[in-house]
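# Breakdown of the fold
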Amino acid sequence: LSRRLWHRETFEHLLGRVGSPEAAAMGLFLVSGYNLFKQPVPDPSWRDVVLGFRNLTPQELELFPGYSYGWFNTALVLEGSRYLPWLTERLTQRGVKFFHERIDSFQEVFARGADVVVNCTGVRAGLLQPDPELQPGRGQILKVRAPWVKHFIITHDLESGVYNSPYIIPGSELTVLGGVNQLGSWSEENSARDRRAIRESCCRLLPALRAAPVVQEWSGLRPMRPSVRLEREAVGTGEVPRRGRGAAGLREVGEWGPSWPSPSAPQVIHNYGHGGFGITIHWGCAMAAARLLGSILQERQLLGPPRARI
Amino acid sequence: MAAPRVAVVGAGVVGLSTALCVADAFPACAITVLAQRFTPGTTSDVAAGMLIPHRAPETPIHVQKRWFKETFTYLFAISNSTAASEAGIHLVSGWQVFKNPPGEELPFWSDIVLGFRSMSEAELQKFPQHRYGQAFTTLKCDCPPYLLWMEKRLKAKGVQLHTRKVANLWELHSEYDIVVNCAGIGARQLVGDQQLIPVRGQVLKVHAPWVKNFVRDGDGLTYIYPGINSVTLGGTREKESWSLSPDPSTTKAIFGRCCSLEPSLRAARDVEVKVGLRPSRASVRLQREAWSHEGAKLLVVHNYGHGSGGFSMHWGTAKEATQLVGECIAALQGSSSRAKL
């Protein structure tokens, strides 16, 4: 499964960086903690990716009344609020330019001279190209000051669904409390009802949180999709773009016709639909997208400029 | 007879916890804590407060185990309550790593801490200079919060707290019936115990809030303990050194050793250097004595000499000292009823 590979690649890439002097600036650090369940579950596919995975002991489960089974492991936190500025600076140093603009179509970008577009538009990708499989999964979080919390605690409720069960994740300065996952909701307004539910359920998990002041609150939209869309697509030649193809999508030389896009047609690499695990797999996906770009560039080199046939 | 007047000398983790235990067990007593220093000026304030026991050479293992278990159980319950943040008690997970094979496969406390196991190969890769390791979850008592919380609870029970330098215990005989000596390193001068020696520890407290796991080198000299508002980096074990002044070259050495265990510490800031003198003894002195002089009497209970194990053992030894206080009270009552005849 690609997702498993991308997860491993991301984890190992970051694990290699966690001991570097850059780690704090990146917002990257190790954290240990608990995944809690109300009944026994099989081990996750990532058990060998993270560090020190094991089941919880009865003594540990005493900490979490209502949960009868769980895992302990050491994982990584990568704080977006630090990572994005850090990446931006790295990119700027390499000469990458940033434009703060609204884009209404891929065509508009090609018209400005782009050879390839990498589409990382997340939850709003449907505005550039309709995608019925993509929908928002609204989340809300509270950030509290609780510096004594050194572990993550993630509960799982197989009935409520993923991210729809309380979780507590310590950041470098504040502790994040969640979680809700409301499929189909586009609201980015903080809901008082969600706030109460999150606060209540997290305080039941960790009674000491009652003393923690709420510093920030935020709502966001997870780009939910049955699978990540990570593939290339030829667009902009007037042909209807194919959906559901894999990464190859290229016909052999000589088989071009009106219904097959040519390799010199503008190419879009899609990389969106990461749900609630974007950070978890981002690096593996980025490398896969880069490989797709590599293929495109290679094909274009092989073809050379278009020549008339005699 | 009138309520027994009890003085607890010393306001570190041992003094305050002993006073609490005595107040709970014998609510009729009038209790006063007397100390030259209260938090944040005690030896306990320098310590990281990690519950990782040290082997006291002359205390039987089963006794150390009992004291540790009582302390761990007591603090575990607090960490899981709404009082946890005020009391400064929190769980923390991490690794103890060894360059050479550890002396024992399973330390006596391995079944008391949570989730104790050997580290995996993947985990050990994070520590290229070390070849063996143990992973577990334990508790940390942050000071000053823990001491302040105990002071608050003592005051709520009517216990008095007074700053006072006690030159010798006998000077208290007219005001108090029972004195509990929790003077830590101060007991050397206070009761002239030559078996009690300081083991100097210098530590750094730094701002590095991204450090969430502890790391300890099995040799006990290098450790990284994340607390509520700072990370304690250590340390030293200098026997018979009485110096309370921070040593700058030691600071550099500690920082260097800790950065090689946890490189991200290079980004740490706001370094505060502290020094404490561990009150070290072959075993904790838990003993009662009856002093008398020219018709005057004073009952004394000793509870000092915890060395590196103050936090790890404090509740267990407080309970034992409280039992000894109970014996003193019984003795007082016995002699007062005799006096009535």
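For clarity, every value in this text was computed on a predicted model and none was experimentally measured.

Let's shift gears to the UniProt feature "binding site: FAD" (unreviewed entry) in chain A. Residue and element names in this part refer to chain A. The sites that UniProt annotates as "binding site: FAD" (unreviewed entry) are Thr 121, Gly 275, Gly 276, Phe 277, Gly 278, Ile 279 and Thr 280. With respect to the helices and strands, Ile 279 occurs in helix α7 (residues 278-303). Discounting residues that sit within four places of it in the chain, Ile 279 has contacts with Thr 10 and Leu 78. Residue placement: Thr 280 occurs in helix α7. Under the relative-accessibility criterion, Thr 280 is labelled partly exposed at 36%.

Take a probe with the size of a water molecule and roll it over the atoms, and the empty space left behind shows itself. Enumeration according to the criterion identifies four cavities of 30 Å³ or more in this entry. By volume, the largest cavity is sized at about 230 Å³. Lining the largest cavity are 17 residues, with His 151, Ile 153 and Leu 206 of chain A together with Ser 79 and Leu 91 of chain B sitting closest to its centre. Of all elements in the fold, only β6 (151-155) of chain A together with β3 (89-98) of chain B reach the threshold of two or more residues within the lining of the largest cavity. Take the lining of the largest cavity: its biggest share by element is three residues, from β3 of chain B. A class-by-class count of the residues in the lining of the largest cavity yields 12 nonpolar, four polar and one charged.

Now for the confidence of the model for chain A. Residues at a pLDDT of 70 or more form 88% of chain A, whose mean pLDDT is 90. Counted against residues more than four places away or in other chains, residues 238-260 of chain A, with its pLDDT under 50, gives 31 contacts.

Residues and elements named next belong to chain B. Helix α6 (residues 145-156) packs onto helix α1 (residues 13-25) with a crossing angle of 30 degrees between their chain directions and a minimal axis gap of 10 Å. Of the possible angle classes, the one that applies to α1 and α6 is roughly parallel. You can see that α1 and α6 cross each other, and the crossing is left-handed. Listed contacts from α6 to Val 13, Leu 16, Ser 17, Ala 19 and Leu 20 of α1 are Tyr 146, Leu 147, Met 150, Glu 151, Arg 153 and Leu 154. Considered class by class, the residues forming the contact of α1 with α6 number eight nonpolar, one polar and two charged.

Thresholds, definitions, all that
Residues numbered from 1 in each chain as written. Chains lettered and ligands numbered in written order. Predicted model: local features only at pLDDT ≥ 70, side-chain atom pairs only at ≥ 80, totals over all residues. Heavy atoms only, no water. UniProt positions renumbered as here; feature names shortened; annotations may be inferred. Helix = DSSP H or I, 4+ residues; strand = E, 2+ residues; numbered from the N terminus. Contact = heavy atoms within 4.5 Å. Buried < 20%, exposed > 50% of the residue type's maximum accessible area, 1.4 Å probe, protein only. 1 Å grid on protein atoms, 1.4 Å probe; cavity = no way out; pocket = protein on both sides within 12 Å on 5 of 7 lines; lining within 4 Å. Points joined across faces, edges and corners; volume = space filled by probe spheres on them. Nonpolar A, V, L, I, M, F, W, Y, C, P; charged D, E, K, R; others polar. pLDDT = per-residue confidence, 0-100. Axes fitted to C-alpha atoms, helices over the stretch in contact; angles between N-to-C directions. Parallel < 35°, antiparallel > 145°, perpendicular 65-115°, else oblique. Left-handed = near helix turned anticlockwise from the far one by under 90°.

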